[in-house]
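What follows is the residue order along each chain.
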Amino acid sequence: MTSFKPTRRTLLKTGTAAAAFATLGPAFLRQAAAQDADLAPYKSAQIDWQQVSGETITVAVIPASYFENLIALAPQFKALTGIDVRFEKIPPAQIRQKSVIDLTSKTGTYATHAADPMYYALYAANKWVEPLDTYLADKSLTDPAWFKLDDIIPAWRSANGIDGKLYGMPYDGEVTIQVYRKDLYDAKGLKPADTLEAYTSNAAALNTPNDRVWGAALRGVAGAGQNMYIYPSIFREFGGDWMKGGKLTVNGPEAEAALAWYVDIMKKYAPTAAANWNWPDIADAFSQGTVASYIDAHSSASVINNPEKSKVIGKVAYARWPKGPSGKRTTSIWNWGFPINSALPEKKRKATWLFIQWAASAETQARTAHKFAGPTKRSGVNRTSVWKDPDYIKLMNGFGENFVEATMGALQDDTDVDWRPRVPQWPAIGDTMATAIQSALSGQVTIKAALDDAQRRIEPMMRG
Amino acid sequence: MATTAVTSAGIASEAPRSDFGHVLAQRERRFAAALLAPAFLALLATTTFPLLFLVYTSAFRMDLAMPFTNGFVGFENYQMLLSDERFWTSLLVSLVYTGSTVALQVIIGLALALLVMDMKRGQGWFRVIAILPVVLSPAVVGMIWRTFMLAPEFGIVDFLAINAGLGSKNWLGDPTLAMVSVIAIHTWQWTPFAFMVLLASLASLPEDIYEAARLDRASAWQRFRRITLPLLRPAIVMVIIMRTMVALTAFAAIFTVTAGGPGTATEILNLYAYRKSFTELSIGYGSALAVALLIVTIIISGILFAMRRAK
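Residues numbered from 1 in each chain as written. Chains lettered and ligands numbered in written order. Predicted model: local features only at pLDDT ≥ 70, side-chain atom pairs only at ≥ 80, totals over all residues. Heavy atoms only, no water.

### Quick word on the overall build of chain A
- Across its full length, chain A holds 23 helices and 11 strands.
- Taking 23 Å as the expected radius of gyration for a compact globule of 464 residues, we find that chain A reaches 23 Å, a close match to that expectation.
- Its C-alpha atoms put chain A at 65 × 55 × 35 Å along the principal axes.
- Within chain A, the fraction of its 464 residues that count as buried is 59%.
- Long-range contacts, defined as pairs at least 24 residues apart, comprise 74% of the intrachain contacts of chain A with a sequence gap of at least 6.
- A total of about 17700 Å² of accessible surface is found on chain A, and carbon and sulfur atoms cover 53% of it. (Helix = DSSP H or I, 4+ residues; strand = E, 2+ residues; numbered from the N terminus. Rg over C-alpha atoms; globule rule 2.2 N^0.38 Å. Buried < 20%, exposed > 50% of the residue type's maximum accessible area, 1.4 Å probe, protein only. Contact = heavy atoms within 4.5 Å. Areas by Shrake-Rupley, 256 points an atom, 1.4 Å probe, with all protein chains shown as cover.)

This is the structure in structure tokens:
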């Protein structure tokens, strides 16, 4: 960056800096941070942004580009509110544990953190985080006409709510869709699958391991957010109900049929290694041209469109989750949201809310997405209005045919907030189920035995 | 009388000196204690206290997912543990893993040491290359093996297996192969340690005994059985003890390679305790599992130490 400095100064003098600014990205934003014109869209909100000026808060996020973009804008937030934000980057695997330890010990280390929606039931049961409705209703803290809560993707909001109360504000999210190689499908006259059955037959038609092309890939590695991210959708599509008669049920005929479908497609048409793959491994394999289609988070589109690594750019298209035998689609929805740590003193809680409101606002979402000067594209913005912005649509459609339609269709129509059992015991249940699914996939035990064993282990967890 | 006088005088004259010495020694001891105290306290705070706290926690139900059920339960966690099938499976996996990795490390390490002892040139180079795996972090080793070596169709090991006519194998997705793989990885990483220790011991064996044995026409095998092995015994037992204690509590490599999977095929006790505590958030039961692992480790190393003393 330093080597650019003389150039920048010269350009500034000649007044032709605009183009150069764009390439300088974050540095430019920091420079421009204090400019009043930049803050105007925020100042139109009918609240006093400076009311807790001088506070410092720590925010834990994961090292991902969508948070990097936000961190780059933090000086604007400081100029607007006088609040200092210290960011701590923690890998996704550890952030859940670290935040739970912080919340249990009530040390208030993290004012807010990138939170997994499946943890809100646990957080709420322990009163570790604040219900956000009081903050949303407080006229001195929130201008509802400016913030427009309804504009935030409803599926993600409901995923972050427990008993109708919102506990975390979605910042960046994802939805699961079908990703396929249009060139391979066209060559065989195939269409993207509308049903799980068709998905299997498409995979069969394209599966040619001798040419190093496999028909399909789904997450295989065990974990609550790994194989247990994909299986619950299949379970629900086969007519499964987590809370059968008010009792958490993970076995039974629907579960067996769903797991059988998953094991069958993984064994017959996925690369053998996929049994240990998580989404980055799948996206890598797809980008190398060895997988004809996969069902996973729409956010993996940035990996398969990375010009430095991908061999399939321009050959990718998208479709919604195929329908299950029950006739419905149930996609996996997920987001990183920001809750407020209850252990904080009142002033810090207010400062945290101002930060969350700023980060989730339409203006900041746009500034970290298509209006961001850096090279990274955010495919998980939280606002319906941004998803309708022509500039944003143009940017997103660069990922391949039908990207925005498939994503928005899935987000609006294919979601079911209870696609996973939302109970405080989820971390234990998710891990138990994940192990059972992998046991069945590896042939360690039969499908029925795996599910019955999981049910036996989960029952005492629910009894308390 | 005179003698007594002398004696008493002697005693009298010595008594203050020994008193003085005693005071000095006491002061010195106190000074030493003062110097040691911070280190001792630090040791207490970082090792003994957490250990006691772990045992204390294991007597409670501490479930972060259901805080309303928390409370003192006495030995209930241990009773649950005895009837927990997954505990026994993970204990068995731990024992198989430890037994086979330690045996392999000693056998391969000894074989390499014997080979290298006879090398005329390049011994130094060989030692440097051989020690490399030990220097790597187990988590890095795990990542390397998982992605570059063992991935079916894409990894080096699988490539070699296909070329050797064995066909592509699901190294980490098949319960038996996954166990074989994690044992191979641990052995690969830690054999150099056994190798270095045994090589150093081999180098210090007295040459004249071998000379005498050769004069008595003892065969190479006889020399190995009757001289080398008995003389190396202390070193071998030491290697076994040290490697056993580490293998029982292995974690990072296995965690990154299989995370205990597929299913529970490679879930050693340490990993199960971790998952119960930090993934399932059952801290009390997880602590009981950790205490169980501690007891198993103490018993096994106790037996090994006893074997070391027995001649």
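Having put the structure on the table, let's press on.
### Focus: the overall build of chain B
- When helices and strands are tallied, chain B shows 12 helices and two strands.
- Ordered by position from N to C terminus, the α and β elements of chain B give α-β-β-α-α-α-α-α-α-α-α-α-α-α.
- For the C-alpha atoms alone, the extent of chain B along its principal axes is close to 105 × 75 × 30 Å.
- When burial is assessed residue by residue, chain B has 40% of its 311 residues classed as buried.
- Long-range pairs, those at least 24 residues apart, make up 66% of the contacts in chain B with a sequence separation of at least 6.
- Accessible surface for chain B amounts to roughly 17500 Å². Of this, 72% is attributable to carbon and sulfur atoms.

### Details of the pattern of salt bridges
- Per the counting criterion, the structure on display carries 35 salt bridges over all chains.
- Here A:E346 and A:K350 are joined by a salt bridge, their closest N and O atoms 3.8 Å apart. With A:E346 and A:K350 both in helix α17 (residues 346-360) and four residues apart, the pair spans about one turn of that helix.
- Judged by its relative accessible area of 52%, A:E346 is exposed.
- A salt bridge links B:D63 to B:R61; the nearest nitrogen and oxygen atoms lie 3.1 Å apart.
- Bridged by salt links that share partners, the residues A:D431, B:R86, B:E267 and B:R275 form one connected network. (Salt bridge = Lys/Arg side-chain N within 4 Å of Asp/Glu carboxyl O.)

### Some remarks on the side chain of A:R349
Residue and element names in this part refer to chain A.
- With respect to the element layout, R349 can be found in helix α17.
- Within the local environment of R349, its side chain forms a polar contact with the side chain of E130, the two groups lying 3.4 Å apart.
- If we ignore the near neighbours within four places in the chain, the residues touching R349 are E130, Y135, I340, N341, S342 and L344. (Polar contact = N/O pair within 3.5 Å; in protein donor to acceptor, adjacent residues only side chain to side chain.)

### A few points about the interface of chain A and chain B
- Facing the 30 residues of chain A at the interface are 29 residues of chain B.
- Approximately 2700 Å² of surface area, both sides summed, lies buried where chain A meets chain B, with 54% of it carried by carbon and sulfur atoms.
- Taken together, chain A and chain B are joined by three salt bridges.
- Close ionic contact of B:R275 with A:D431 constitutes a salt bridge, the shortest N to O distance being 3.1 Å. (Buried area = accessible area lost by both parts, 1.4 Å probe.)

### Observations regarding the sheet that holds strand β2 (residues 84-89) of chain A
Residue and element names in this part refer to chain A.
- If you trace the three strands from one edge of the open sheet to the other, you get β2-β1-β3, paired in parallel fashion. For this open sheet the edge positions go to β2 and β3 (112-113), each flanked by a neighbour on one side alone.
- Of the pairings in the sheet, the one linking strand β1 (residues 56-61) to β2 comprises six bridges and is parallel in character. By the bridge assignment for β2, T56 is matched with D84. (Pairing = 2+ DSSP bridges.)

### So, the nonpolar core
- A:M169, A:Y231, A:Y262, A:Y318, A:F338, A:F355 and A:W358 are the most contacted members of the largest nonpolar core, which totals 132 residues.
- If sequence neighbours within four positions are ignored, A:W358 has contacts with A:Y42, A:W49, A:L70, A:L73, A:A74, A:F77, A:L80 and A:T364.
- Within the second largest apolar cluster, 20 residues are counted, among which are B:L110, B:V116, B:A130 and B:A194. (Core = buried A, V, L, I, M, F, W, Y, C linked by side-chain atoms within 4.5 Å.)

### As for the confidence of the model for chain A
Residues and elements named next belong to chain A.
- Looking at chain A as a whole, its pLDDT mean stands at 90, while 92% of the residues score no less than 70.
- Within chain A, the element-level pLDDT minimum falls on helix α1 (residues 5-14), averaging 42, and the maximum on β3, averaging 98.
- Scored below 50 in pLDDT, residues 1-33 shows 28 contacts in the model against residues more than four places distant or in partner chains. (pLDDT = per-residue confidence, 0-100.)

### Here we look at helix α3 (residues 85-117) of chain B
- In this model α3(B) runs 48 Å from its N-terminal to its C-terminal C-alpha over 33 residues, within 8% of the 48 Å that 1.5 Å per residue would give.
- The opening residue of α3(B), the one whose side-chain oxygen lies 2.9 Å from the backbone nitrogen of B:R86, is B:D84. (Expected span 1.5 Å × (residues − 1).)

### As for the packing of aromatic side chains
- Applying the stated rule across the entire model yields 40 aromatic pairs over all chains.
- Centroid distance A:F67 to A:F338: 6.0 Å. Interplanar angle 55 degrees. Geometry classified as tilted. With A:F67 in helix α5 (residues 65-81) and A:F338 in strand β11 (residues 333-338), this residue pair connects regions lying 271 residues apart in the sequence.
- Under the relative-accessibility criterion, A:F67 is labelled buried at 1%.
- Measuring from ring centre to ring centre gives 5.3 Å for B:F60 and B:F72, while their planes differ by 80 degrees; the resulting arrangement is edge-to-face. With B:F60 in strand β1 (residues 60-61) and B:F72 in strand β2 (residues 71-72), this pair connects stretches of sequence that are 12 residues apart.
- Relative accessible area serves as the criterion here: at 62%, B:F72 is assigned to the exposed category.
- Put simply, the rings of A:Y66, A:F67, A:F77, A:F87, A:Y171, A:F338, A:F355 and A:W358 touch in pairs and so form one group of aromatic residues. (Phe/Tyr/Trp six-rings, centres within 6.5 Å; stacked < 30°, edge-to-face > 60°.)

### Considering the environment of A:N278
All names here are of chain A.
- Among the secondary structure elements, N278 is positioned in the loop between α14 (253-269) and α15 (279-287).
- Along the backbone, N278 and L218 are 60 residues apart, and their C-alpha atoms lie at a distance of 8.2 Å.
- Once residues lying within four places of it in the same chain are set aside, the contact partners of N278 are R219, V221 and Q226.

### Observations concerning the environment of B:L177
- Along the polypeptide, B:L177 turns up in helix α7 (residues 175-203).
- Look past the residues within four positions of B:L177 in its chain and what remains in contact with it is B:K169, B:N170 and B:W171.

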